Structure formats: C-alpha cells, structure tokens
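A structural walkthrough
Chain by chain, the residues run as shown.
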Amino acid sequence: MSDGDVSTMEMVPNELILNICMHFTARELYRAFYGINRRFNSIADNISDLHLTITSNESHEPAWLAFSRVIKLKIENVKQIDLYRFSNIRSLTWIRPSAVQLQKLCSFTYFPYLEQLRVYDIYDMPSAAHFHQFVFSNGFPRVRILSLSHINISSPWAISLCLRAINAQNVSEPHLFERILMSCPNLTRLDFHMLRCTEIPMPVSFQHVNLKRLHCTGTLSSRSLENILAIVPGLMQFNINGSIREQPLVYFERLGNTLNFFLPHLNRFDCNFLFTVQYADLIKTRSFLEKFHPCFKHRMKFTKLSYGRIRIHTKSII
C-alpha cells in the first residue's frame, strides 16, 4: 500500500466507515479492518449488533474478538463451540446440532435475550422430544419467532405465551397442528409444511382466536382443511399450496363452503394447486368455481402443464 493510499483511507470519516461496516459480518469486519492501525482496530472493537455464521471448516480468527457483540448467529455442522461467548444473541439458527449441543441449548443461561430461534435436522435424535418439549413449554421466555423441522410431540408440552410466529417444516405428525395451537395461545402466524399426504383429525372442542395468518403446504383433503379451519375463526389471511387428488370443482366448492362457514374475517386467500384433470373440461367450470367464495372471484389463473396436470393459482394483488 502506498503512502497516498494510506492517506486517502485515513481521510475517510468514522461515520462513513461505520455505515460501510454495518453491511459486514463479524468475520468480514475483522478480516477487512483489524490490524491496519489503532484507529481501525478501535472502530472494529466498538461496532455492535454484529452477524456471524460459523461452519465446521472456517477459522474464527480474528472474529472471536467480536463474539460478545454478535446478536445474530448461524451455526452449521460445528462439533465444538463455546456458547457462553455469545451472551447477547437475539437470533440463533442452528443446523445439525449434536445431541450434547441440543441438551446445552435447553439451558436458558446461554441465551437470556434470544428472540428468534431456528433449529433444523434433529429428527433422528433421541433428545429431540425433550428439546421440543422445552421450547413449547416456555423454555425461552423471550422467543417470539420459531422455526423447526420434524417436530416431535411424544413428550407433553406446557404453555408458551410469548410465541407469535412459527414455521413448522417436514411435518408428518397429524396431531401437530392442534398441539401447536393449544401450546401457543398468542400465536398470530403459522407456516405448516407437510412431508406427505396427511389427514388432519377432528380437533378437540377448542378455538384459537388469535391466529391471523396461516400458510399450509402439502396434500390436504377438503376434510382435513375443514378440521384445520374450524378452530381458527379469527383467520384473516390463508395461503395453501399442494397437489390435490379430488376433482377441482368439488374441491373448490367444499373449500368455499368451509371458508364461508368458519372464517368470517378472511380478507386474503392465496393458493397454488396441482390437479390432474382435462384442461378443456376445467376451463368450462371456471365461472362456477369463482362463485364459491368472494376471495376466488377474478383471481384464479389456470396453467396447463405436462402429463395432464393443471395448475390453479391466484393472481397477485397489487
């Protein structure tokens, strides 16, 4: 680096450097600025609200100097990690934690300020049931946003009052929908992604009045949809995606009746369905289909695909 380059860099005001550094992760920040001189060392050491991703094949030098200031952490396939060094975490994403790490995660002392939690790929672990019990029994009192895969319901859950949004992925347990709503009375948004065709049973006699947004992905029969929507009367937005085995006209008639009967406050409906049916026959029924519910009217699009499949989806609302 020439003297002119150093002089030009030194003339940049701290405010501009701080604005640039806001777009860096903790690792990028220290690799770019640390060690240039005392001024840049001081700038790096005083930036808060940092993000960091830790994987098994990356060195932590010199980013470890910023661990206590990291608020958003992603850990992927890491065998050993000292959780106490991340005392100010607000958002944690952990992919493939070990059984020992999962047990440590069930300790509120590590992350007292945690607000968002995402944990994936733990479905084959014996400790998964205990972890899910901990999470859905107010184990993290500050967590409002939760994303999990392969949720195990073999252990009883208590109540988690703080949870507001849940993303449940790779769902195979038919009673999970009901269990989540019973455990999280203040939930306002639920994304529910099913692995395969799952029949949702008739729920117990309770209603969840606070859920406002529901997104379902998977093969759901009209009966399963009725069982789901019967317990969320306050729903305002509903999105459903999947392959449907019933005839389109019959399915939409039942769906429209279900929406009319159970969801008086619904103001936004979106769908992305795959049917196996003759395209010419389906087009003839379009006008009938759109009459089944006000949210269907003038919003349904029909796309002819290969192998006799038809895609029915809603138009975007501008």
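What counts, and at which threshold
Residues numbered from 1 in each chain as written. Predicted model: local features only at pLDDT ≥ 70, side-chain atom pairs only at ≥ 80, totals over all residues. Heavy atoms only, no water. Salt bridge = Lys/Arg side-chain N within 4 Å of Asp/Glu carboxyl O. Helix = DSSP H or I, 4+ residues; strand = E, 2+ residues; numbered from the N terminus. Buried < 20%, exposed > 50% of the residue type's maximum accessible area, 1.4 Å probe, protein only.

Identification of the protein as F-box domain-containing protein from Rotaria magnacalcarata is taken from an unreviewed UniProt entry.

Here the structure, examined in full by the defined rule, presents six salt bridges. Aspartate 121 is the partner of arginine 96 in a salt bridge, and the nearest nitrogen-oxygen pair spans 3.2 Å. Placement of arginine 96 in the loop between β3 (91–95) and α5 (99–105) and of aspartate 121 in the loop between β4 (116–120) and α6 (128–135) is noted, with a sequence separation of 25 residues between them. Judged by its relative accessible area of 36%, arginine 96 falls in the partly exposed class. A salt bridge links aspartate 191 to arginine 189; its shortest N-O distance comes to 3.0 Å. Aspartate 191 gets classed as buried once you look at its relative accessible area, which sits at 9%. The exposure class of arginine 189 is partly exposed, given its relative accessible area of 33%.

Structurally, isoleucine 47 can be placed in the loop between α4 (38–45) and β1 (50–55). Once the C-alpha coordinates of isoleucine 47 and valine 70 are considered, the two residues, 23 residues apart in sequence, prove to be 9.7 Å apart.

A large share of helix α8 (residues 222–229) lies buried, amounting to six of its eight residues. Along α8, the residues classified as buried are Ser222, Ser224, Leu225, Asn227, Ile228 and Leu229.

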